[in-house]
Protein chains: 2
Amino acid sequence: PPTLEDNISDMQRVMRGLRAVTPDSLEPSYDHPELIKVLPAVLRESDWKITLLLLHGRRQEEPDRIIDVEAGDTTARLYGLAVDIGTTTCSGVLIDLNSGKVIAEASAYNAQIRYGEDVISRIIYAGRPGGLRTLQNKVVATINAIIEDICRTMIISPADISYIMASGNTVMSHLLLGLDPKYIRESPYVPSVSQFPLTKAAGLGIQAHPSVRLFLYPCISSYVGGDIVAGVHAAQIAKSELVTLFIDIGTNGEIVVGNKDWMVSAACSAGPAFEGGGIKYGMRAANGAIENFYIHPVTYDPMLITIGRIKPSGICGSGLISVVAELLDSGVIDQQGKFNRNLDQPRIRDGRDGWEYVLAWSQDSLIGEDIVITEVDIDNMMRAKGAMYAGYQTLLESVGLTFADLERVILAGNFGAFIDLEQAIRIGLLPDMDREQFYYLGNGSLLGCQISLSDVRRFRERVQVRQLITNMELSENPEFMSHYMAALFLPHTDMSLFPSVRDRLADRN
Amino acid sequence: PPTLEDNISDMQRVMRGLRAVTPDSLEPSYDHPELIKVLPAVLRESDWKITLLLLHGRRQEEPDRIIDVEAGDTTARLYGLAVDIGTTTCSGVLIDLNSGKVIAEASAYNAQIRYGEDVISRIIYAGRPGGLRTLQNKVVATINAIIEDICRTMIISPADISYIMASGNTVMSHLLLGLDPKYIRESPYVPSVSQFPLTKAAGLGIQAHPSVRLFLYPCISSYVGGDIVAGVHAAQIAKSELVTLFIDIGTNGEIVVGNKDWMVSAACSAGPAFEGGGIKYGMRAANGAIENFYIHPVTYDPMLITIGRIKPSGICGSGLISVVAELLDSGVIDQQGKFNRNLDQPRIRDGRDGWEYVLAWSQDSLIGEDIVITEVDIDNMMRAKGAMYAGYQTLLESVGLTFADLERVILAGNFGAFIDLEQAIRIGLLPDMDREQFYYLGNGSLLGCQISLSDVRRFRERVQVRQLITNMELSENPEFMSHYMAALFLPHTDMSLFPSVRDRLADRN
């Protein structure tokens, strides 16, 4: 407490106390006006014993910032929230910042979804009067729902959350901050910012203490977003010597190649096939979706495995890979994805939309109609996987490498977690490498947010990771186009790239 | 403009452009969310030619901050506003930041004045329900009035003002930011903060572009405020070898002693005599105030000079000094401030409040009654000047110096500008030094703000100046008390401190 001999200002006293504890740090700043309004009262009501919440600078040489002051010792109640802002689903994880442990999780559909399923339709909606505001409000409401859910479970108050670390693709990040995503969609595809500013969560409408900052992972380009940076960060590629291929498969497939010394990234517009789009009976990975498929090599009868083990209602992305891989393996389709018209099996028929294979007869399906896969579906799937594969090739060549130089493949994203490796390689979605070199990361976006909250070195790394990555634009790249054309085959026109598949197909014949 | 080969984000493009112009600077930050919302549109509407407004960091090693972006080249319209927030009067000066020239001025009474004349009554009012908010609103309204006045004169828009640099005493600074000044008044006199945070002017309600920051000079203690730091800065004491005494005379007299290597400061509660308080016919320096006075050495008749050269209505601070100095010089009062009861002059009489001298008979006064100066008035004046002088002495002794070591005296403040040096020394308000060593600074608070805006080195200096100053608390200091008692004499009980006055009084007798 101050005396007449020592009557420096309350804030100076706080700074002096802080200096005594952390003598090597720069004096922190405190540009948060509410803080100094409450400081005198907090100091006096707590008998001059307070807990400060410090925010580390983005660079090591920057001073910390005092973002909150609490009476007494509140260090035991220190939580951080990691949030993955997905186009479809948002997921949150509450972390005890003292132990680094995950103590609660929640997720919810992104409430923006009724304004468009994918980022392009969201961008279009954002261009309508009031649209941007609506989309921003919806994603904020989604985050609030996650916070409420977690706080209800853990019996804590939203005010106990001290940091929010979020990541999302470039469009989701723009919408959360209320930035117009318009130019992301128009060539030459320029985002407003890639390094998002530190924002007060409450300022966006998020239920949080007024001092709580929301951090957003920086994005790389319009179509390689903060979710990818977070994933690359989570996979710790920037710490490894191993030349790694990082893949996030989706409507926009994102690819990163590199190691601790360099990284290149690209997005390829794979189309929505792996998310069930453009596929006649395509659907999201929900109950009733065919996720795995086996075909009898002689009778060509199917064996279906659905999510929830109920009657099938459609095909999800991993099911699509499985179906095409098995149809190819059994010779029902050829390497061009065309049906063998000479097989004696009623499931193989010339239907309304051309040749197709009946996965489930109407009486066996949940939707009361035949569930089929058509040549058009297979064609769409081939375009999607071809774009991904051409992306790997183009990126590798851009740095003078080939698949032989790759030492590791990391599959990120929810979709990656459900892929059957053999089948994905067999159709040419993944490179034909030693299966031991493949790793599943899971939700890399959320994991990145989590590790960023785990300690301050990790916290700063996220910016370094971003700066290590150089982006490459594939959309009008001639090498990409020629690789893409060559990849419109099962698995590929250049079978030397797929030796294990070549051998398998040779054995079969 | 971006191309497919070069489609970094808009903000990265801006940063790259900036790097090309200022290759040696750190990359600036931009934590102003509105900025990135407007950036894409501004870039495109201006055909990718923009003007950035950068804010320099407080420390040299901190990166700049981008605070505004304007289409086209707007560097010609770049104005800064310097504002002195006085307890009584607020003054503003508009500066062309390109040339550094003052281009307009305006001032207005601080609209807080109806809630109390001095800082103590403002603190008390701030403690009433809603009082703090009211006082904050009033000073903001005053600043807005100044801005409107200046903008009307100069035909510019408030949005063209890019920086606001303000200074005021500690209470005024707290009230402007909405900080409770309560503890400033209670021993041990602790302000909430001394280094005020950077604040968005618009956030306080000031008519300014949303990105405009308001800077407030840091204060030293509860009673040595940012106005003094600004004055010391304006006087460039921190650049000089000369040991300087800096004085701002007022209800709270502020004193700084030092040079470029060290400075000590103190406030002494002189009482309101120099502002007309506690003086029977005391008044502020307004029309009708006696500001100068001569007495006929034989008849003891007065010659009055009033502000506005009209009939007298009272005595202002400089008039009070003049009256007491002349009464002493002529022998109407003695060195204890007591009237010579033996003089044959009807103006010297035993009145309702004890002995007094009639400065103006009722028929010659504006207020229709005799204007007098009483022994009580003189006593109050002696306490005020005694406190100031004891302050100089105590501060000098605290660093092992005497008046003989002083090389310069700088008189700051409006009051200082109207003081007659000889008379002020004769009554013991100022030390008896070579008259050539005295300098008048004028409104040092406003001048400091002006030079802070003049260039970035000066801008940063203000924090360094603050850090050079060590404050000393006089209120219960025993040395101060004994010096004070010794100073309750005209000019002083120790006449060796006032050799020129001693000689003059000796000549007279």
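Here the structure is shown first, and the text comes after it.
Residues numbered from 1 in each chain as written. Chains lettered and ligands numbered in written order. Predicted model: local features only at pLDDT ≥ 70, side-chain atom pairs only at ≥ 80, totals over all residues. Heavy atoms only, no water.

## Some thoughts on the overall build of chain A
Where we set the bar: Each helix corresponds to a stretch of at least 4 residues labelled H or I by DSSP, and each strand to a stretch of at least 2 residues labelled E; elements are numbered beginning at the N terminus. Three labels apply to residues, based on accessible area from a 1.4 Å probe with only protein chains included: buried if under 20% of the type maximum, exposed if over 50%, partly exposed otherwise in between. Two residues qualify as a contact provided that any one of their heavy atoms is within 4.5 Å of a heavy atom in the partner residue. Areas reported as accessible are Shrake-Rupley estimates using a 1.4 Å probe. Residue values count occlusion only from the protein chains shown.
Scanning chain A from terminus to terminus reveals 16 helices and 20 strands. For chain A, the C-alpha atoms occupy an extent of roughly 100 × 50 × 40 Å along the three principal directions. Counting every position in chain A, which comprises 509 residues, the buried fraction comes to 59%. A separation of at least 24 residues holds for 64% of the contacts in chain A among residues at least 6 apart in sequence. As presented, chain A carries roughly 19900 Å² of accessible surface, and 50% of it is formed by carbon and sulfur atoms.

## Describing the relation of the copies chain A and chain B
Here is the rule we go by: What sets the superposition is a least-squares fit of C-alpha atoms, and only residues with pLDDT of at least 70 in both copies go into it.
Of the transformation placing chain A onto chain B, the axial shift is 0.0 Å and the rotation is 180°, giving an RMSD of 0.1 Å. As the rotation angle and translation indicate, the two copies are arranged about a two-fold axis. Here 100% of the interface residues in chain A have copies in chain B that are interface residues too; the copies meet face to matching face.

## Focus on unusual backbone geometry
With an omega of 5°, the peptide bond running from A:Ser187 to A:Pro188 counts as cis. A cis amide bond links A:Leu490 to the next residue, A:Pro491, at an omega of -10°. Locating A:Pro491 in the fold gives a position in the loop between helix 15 (478-486) and helix 16 (499-508). Within the chain, B:Asp47 stands out as a residue other than glycine whose phi angle is a positive 55°.

## Some words on the sheet that holds strand 16 (residues 354-360) of chain B
Pairing between the strands of a sheet is mediated by backbone hydrogen bonds and can be parallel or antiparallel. Residue and element names in this part refer to chain B. Note the cut-off: Here the rule is simple: two strands pair whenever DSSP picks up at least two bridges between them. Helix axes use the C-alpha atoms of the stretch in contact, all axes being lines fitted to C-alpha atoms, and the angles between their N-to-C directions lie in the range 0 to 180 degrees.
Across the sheet, which stays open at both edges, the three strands sit in the order 15-16-17 with antiparallel pairing between neighbours. The sheet terminates laterally at strand 15 (348-351) and strand 17 (371-374), the two strands that pair on one side only. Taken pair by pair, the neighbouring strands of this sheet meet at an average axis angle of 45°, ignoring direction. Note: strand 16 against strand 17, four bridges, orientation antiparallel. Counted as the bridge partner of Tyr357 is Ile373 from strand 17.

## Quick word on the nonpolar core
One recurring pattern in soluble globular proteins: nonpolar side chains tend to sit buried together. We count it as follows: To define a nonpolar core, start from buried Ala, Val, Leu, Ile, Met, Phe, Trp, Tyr and Cys residues and group those joined through side-chain atoms within 4.5 Å.
Counting 90 residues, the largest nonpolar core has A:Ile85, A:Ile164 and A:Ile206 as the members making the most contacts within it. Per-element accounting of this core gives the leading share, nine residues, to helix 4 (residues 131-154) of chain A. Not counting residues within four places of it along the chain, the set of residues in contact with A:Ile206 comprises A:Val140, A:Ile143, A:Asn144, A:Ile147, A:Ile164, A:Ala201 and A:Leu214. Within the second largest apolar cluster, 89 residues are counted, among which are B:Ala82, B:Phe196, B:Val256 and B:Ile410.

## Here's the deal with the pairing of strand 4 (residues 89-96) of chain A
On a regular strand, each side chain points to the face opposite its neighbour's, so the side chains alternate between the two faces of the sheet. Residue and element names in this part refer to chain A. Of all eight residues making up strand 4, seven are buried, and the element is well covered by its neighbours. Across seven bridges, strand 3 (residues 79-85) lies against strand 4 in antiparallel orientation. Directly across from Ile85, in strand 4, lies its bridge partner Cys90. Linking two consecutive strands that pair antiparallel, namely strand 3 and strand 4, is a turn of three residues. Pairing of strand 4 with strand 5 (residues 101-109) involves eight bridges; the strand directions are antiparallel. When the bridges of strand 5 are listed, Ser91 appears paired with Ser107. Here strand 4 hands over to strand 5 after four residues, with Gly100 in that stretch at a positive phi of 80°.

## Comments concerning the packing of helix 13 (residues 444-454) of chain B against helix 14 (residues 456-468) of chain B
Residue and element names in this part refer to chain B. Definition in use: Oblique is the label for any angle not covered by the other classes, which are roughly parallel (under 35 degrees), roughly antiparallel (over 145) and roughly perpendicular (65 to 115).
Contact pair helix 13 / helix 14: the axes reach a minimum separation of 5 Å and the direction vectors enclose 130°. Here helix 13 lies oblique to helix 14, going by the angle between them. From helix 13, Ile451, Ser452 and Ser454 reach across to helix 14, where they touch Arg458, Phe459 and Arg462.

## Describing the sheet that holds strand 18 (residues 408-412) of chain B
Residues and elements named next belong to chain B. Strand order in this open sheet of six strands is 19-18-9-10-11-20, and the pairing throughout is mixed. The outermost strands of the open sheet, each flanked by one partner alone, are strand 19 (438-442) and strand 20 (469-472). Each strand of the sheet is rotated relative to its neighbour by a mean of 20°, with strand direction disregarded.

## Here's the deal with the packing of aromatic side chains
For clarity, the threshold we go by: When the centres of two rings from Phe, Tyr and Trp lie within 6.5 Å, Trp using its six-membered ring, the rings pair. Their planes under 30 degrees apart give stacked, over 60 give edge-to-face, and anything left gives tilted. For a ring to carry a charge above it, either NZ of a lysine or CZ of an arginine must fall within 6 Å of the ring centroid while also lying within 35 degrees of the normal to the ring plane.
Throughout the structure, instances matching the rule amount to 16 aromatic pairs over all chains. Geometrically, the ring pair formed by B:Tyr389 and B:Tyr392 is edge-to-face, given 5.7 Å between the ring centres and 65° between the ring planes. Here B:Tyr392 and B:Tyr389 lie together in helix 10 (residues 375-398), a separation of three residues that amounts to about one turn. Here the two residues B:Tyr389 and B:Tyr392 agree in accessibility, since each one is buried. Its guanidinium or amino end placed over the ring of B:Tyr183, A:Arg44 lies 3.4 Å from that ring's centre, counting from NZ or CZ.

## Notes on the side chain of A:Ser173
Residue and element names in this part refer to chain A. Which entries qualify depends on this criterion: Any pair of N or O atoms that falls within 3.5 Å is considered a polar contact. Within protein, one atom must be able to donate a hydrogen and the other to accept it, and sequence-neighbouring residues count only if both atoms are side-chain atoms.
By the element assignment, Ser173 lies in helix 5 (residues 170-177). A distance of 3.3 Å separates the side chain of Ser173 from the backbone oxygen of Gly168, its partner in a polar contact. Those residues within four positions of Ser173 in sequence are excluded, and the remaining contacts are Gly168, Phe196 and Leu216.

## Side note on a nonpolar patch on the surface
The cut-off we apply is this: Patch membership requires over 30% relative accessible area and the absence of a salt bridge. Like charges are linked within 9 Å, and nonpolar side chains (Val, Leu, Ile, Met, Phe, Trp, Tyr) within 5 Å. Any Lys or Arg side-chain nitrogen found within 4 Å of a carboxyl oxygen on Asp or Glu counts as a salt bridge.
A grouping of A:Ile310, A:Leu366 and A:Ile367 is seen on the molecular surface, where their side chains present a nonpolar patch of about 240 Å² in accessible area. For A:Ile310, a relative accessible area of 38% puts it in the partly exposed group.

Nothing here speaks to function; it is all geometry.
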